[in-house]
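Fold and geometry: a report
For reference, the chains in residue letters:
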Amino acid sequence: MVHQPLPAEAEYVIVGGGTSGNVIAHRLARAGKDVLVLEAGPDFGPFGSPEWPADLLDATRLGRSHDWGYDSGDTLPVKVGFERARAIGGCSDFNGTTQTWGHRQDYDNWAPGWGADELKPLFDEGTRMMRVKRYRADELTPWQHAWFEGGQVLGLPQLETLNDLDQTVGFAPEDNNIVDGIRWNTAFAYLDPVRHLPNLRIVGEAHVDRVVVNNGRATAVLVVSAGQRVEVRATNVIVCAGAFNSPQLLQRSGIGSPELLKNLGIEILADLPEVGENLHDQPFALMSWSGSDRMTAEMTALRATGWAPDEQAMAKSASSFDPDVFDLHFLPYSPTHRGDVKRWSCGVAALQPRSRGYVHILSTDLEAKPLINHRFLSDPEQHDARVLAEGMQQLREIAAAPAMAALVGREIHPGPDVTHLVEHVEANPDNYWHPVGTCAMGPVVNNRGQVHGVEGLFVADASIMPTVPRATTAMPVVVVGERIASFLLE
């Protein structure tokens, strides 16, 4: 591991060396600013360091080590894991490398300065920096290609990319940030080019307890590092800890709901009751089939070459609730093994959920887990569950086509006998790993990311998104980092 001492002060302290934090560190350091990145997990060093865990590098599977350990507890009918990476690179270490952008309506409705036309150059730049590759249809695995072809049953056109902000439905190979089989995270893409600069310092295993606010201005952060509690002075503090951790840090700092903070004995420095509220993620449902001898043989042969990623193709589809744009993702998974049953899977996500939850700290203890209550599928009109059910029915239509049925086999989950799909998804909620909204632009921060009522304190990550885009959120979070960095440098 890379172990750096904590400095006494910095012009810009970035809390969190994850997806957006590393983007901002790169831009500020390149501009000659004095930058300190504080990461609660380890800093494994630059690309090529032997300290990097194999699962964080392997782009064929999701990363799992160095997780924060968050889950739904007893807030849902079943326990759902909310995996978040506690390491340099953040969730760009964990994700499936799918890089999608969504639709222009998503961003045009956010806040001034965040319209799709203003963000398009930042999407292009993020794509370049993250070394995103556009795959061709003939490069798909057999399982992915079967669904790519099968989508024509629903009239889904075959697209070259999912990333046209004006495009609606279609099936396409995913754009992925994969370099020679490696998940190319933001530590490699954004930190490595500036690690050599003397004005950038990166400290791992440095968990920020709270932001110190004096006379309405952020002046320092309190950090636990090497078992010591240290105050680091700062001119500006930029919180990039993610949709779960950023609201916790603000709440511990006395910024949030007076009712919540008073109950924990925390002095109220900024009355912002929406801190931690508006939590939402795209609810998800997984379907599985038995497969076929042909599919097994073809995928086994491909695996023997050393390359068969879980995720490689995706569809944008529309439910009856949003027929003119799209509000569904279809995500074919390569087979996984659970006991003696081989499952060949395809998931569906409802991209524009109406249900809202919250993140509340339960203690002032830095390492105490918060209450994360997504309230999945809780909207009173059952919109989210009904959209998911429509998506599952669309997958059944694709799988039932004769050519497709010969490849995917019989449905084994939830099974053909399950006909009440709304009830099924409500009893089996799941997440798409894209939480947003807990420090939203408008009620918590302004359109430049500054926390209302606190000078020098900014939030810049998925938590500031007022609504989740119709996308996997990895590249939109990179764009958040790019946009906030541009504001800071103006």
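Up top is the structure these notes are about.
Now for a look at the structure at hand.

Criteria and cut-off values
- Residues numbered from 1 in each chain as written.
- Predicted model: local features only at pLDDT ≥ 70, side-chain atom pairs only at ≥ 80, totals over all residues.
- Heavy atoms only, no water.
- Helix = DSSP H or I, 4+ residues; strand = E, 2+ residues; numbered from the N terminus.
- Rg over C-alpha atoms; globule rule 2.2 N^0.38 Å.
- Buried < 20%, exposed > 50% of the residue type's maximum accessible area, 1.4 Å probe, protein only.
- Contact = heavy atoms within 4.5 Å.
- Areas by Shrake-Rupley, 256 points an atom, 1.4 Å probe, with all protein chains shown as cover.
- Lys, Arg positive; Asp, Glu negative; His and termini not counted.
- Charge placed at Lys NZ, Arg CZ, Asp CG, Glu CD.
- Phe/Tyr/Trp six-rings, centres within 6.5 Å; stacked < 30°, edge-to-face > 60°.
- Salt bridge = Lys/Arg side-chain N within 4 Å of Asp/Glu carboxyl O.
- Expected span 1.5 Å × (residues − 1).
- 1 Å grid on protein atoms, 1.4 Å probe; cavity = no way out; pocket = protein on both sides within 12 Å on 5 of 7 lines; lining within 4 Å.
- Points joined across faces, edges and corners; volume = space filled by probe spheres on them.
- Nonpolar A, V, L, I, M, F, W, Y, C, P; charged D, E, K, R; others polar.
- Disulfide = S-S within 2.5 Å.
- Polar contact = N/O pair within 3.5 Å; in protein donor to acceptor, adjacent residues only side chain to side chain.

Each helix and strand in the chain was counted, giving 13 helices and 21 strands. Relative to a compact globule of 490 residues, whose C-alpha radius of gyration would be 23 Å, the chain shows 22 Å and is just as compact. Overall, the C-alpha framework of the chain stretches about 70 × 50 × 45 Å when taken along its three principal axes. Looking at the chain as a whole, 62% of its 490 residues qualify as buried. Counting contacts in the chain only where the partners sit at least 6 residues apart, residues at least 24 apart contribute 72% of the total. Approximately 18000 Å² of the chain is accessible, and the part contributed by carbon and sulfur atoms is 49%. With 40 positive and 62 negative side-chain charges, the chain shows a spacing of 3 Å between the two charge centroids.

According to the stated counting rule, one finds 19 aromatic pairs in the structure shown. Judged by centre distance (5.5 Å) and plane angle (65°), the ring pair of Tyr107 and Phe123 falls under edge-to-face. With a gap of 16 residues between them, Tyr107 in helix 3 (residues 104-108) and Phe123 in helix 4 (residues 116-129) connect regions that are remote in the sequence. Assessed through its relative accessible area of 1%, Tyr107 is described here as buried. With relative accessibility at 0%, the residue Phe123 sits in the buried group.

Glancing now at the pattern of salt bridges. Applying the stated criterion across every chain, the model contains 24 salt bridges. A salt bridge links Arg27 to Glu125, with the shortest nitrogen-to-oxygen separation between them at 2.9 Å. Of the two residues, Arg27 sits in helix 1 (residues 19-30) while Glu125 sits in helix 4, which places them 98 residues apart along the sequence. With a closest N to O distance of 3.0 Å, Asp138 and Arg136 form a salt bridge. Members of the salt-bridge network, linked through shared partners, are Arg27, Glu125, Arg128 and Glu482.

Quick look at the environment of His145 now. Take His145: it is sitting in helix 5 (residues 142-150). Note: C-alpha distance between His145 and Asp327 (182 residues apart in sequence) is 22 Å. Those residues in contact with His145 that lie beyond four places of it in its chain are Ala137 and Leu140.

A word on helix 10 (residues 383-400). In this model, helix 10 (18 residues) spans 26 Å end to end at C-alpha, consistent with the 26 Å of a helix rising 1.5 Å per residue. Taken across its 18 residues, helix 10 has 13 buried, putting it largely inside the fold.

What follows covers empty space enclosed by the protein. With the rule as written, the count across this model stands at three cavities of 30 Å³ or more. One number sums up the size of the largest cavity: a volume of about 40 Å³. The wall of the largest cavity is formed by Ala59, Thr60, Arg61, Leu62, Gly96, Pro309, Asp310 and Glu311. Each residue belonging to the lining of the largest cavity can be placed in one class, and the counts come to three nonpolar, two polar and three charged.

As used here, a disulfide is simply a covalent bond connecting the sulfur atoms of two cysteines. In this structure the tally under the stated criterion is zero disulfides. Cysteine Cys240 is unpaired, with the sulfur of Cys439 as its nearest cysteine sulfur at 11 Å. By relative accessible area, Cys240 is classed as buried at 6%.

Attention now goes to the side chain of Asn163. Of note, Asn163 is situated in the loop between helix 5 and strand 4 (170-173). Classification of Asn163 by relative accessible area gives buried; the value is 8%. Separated by 2.9 Å, the side chain of Asn163 and the backbone nitrogen of Trp101 make a polar contact. With sequence-adjacent residues up to four places away left out, Asn163 is seen in contact with Gln99, Thr100, Trp101 and Asp175.

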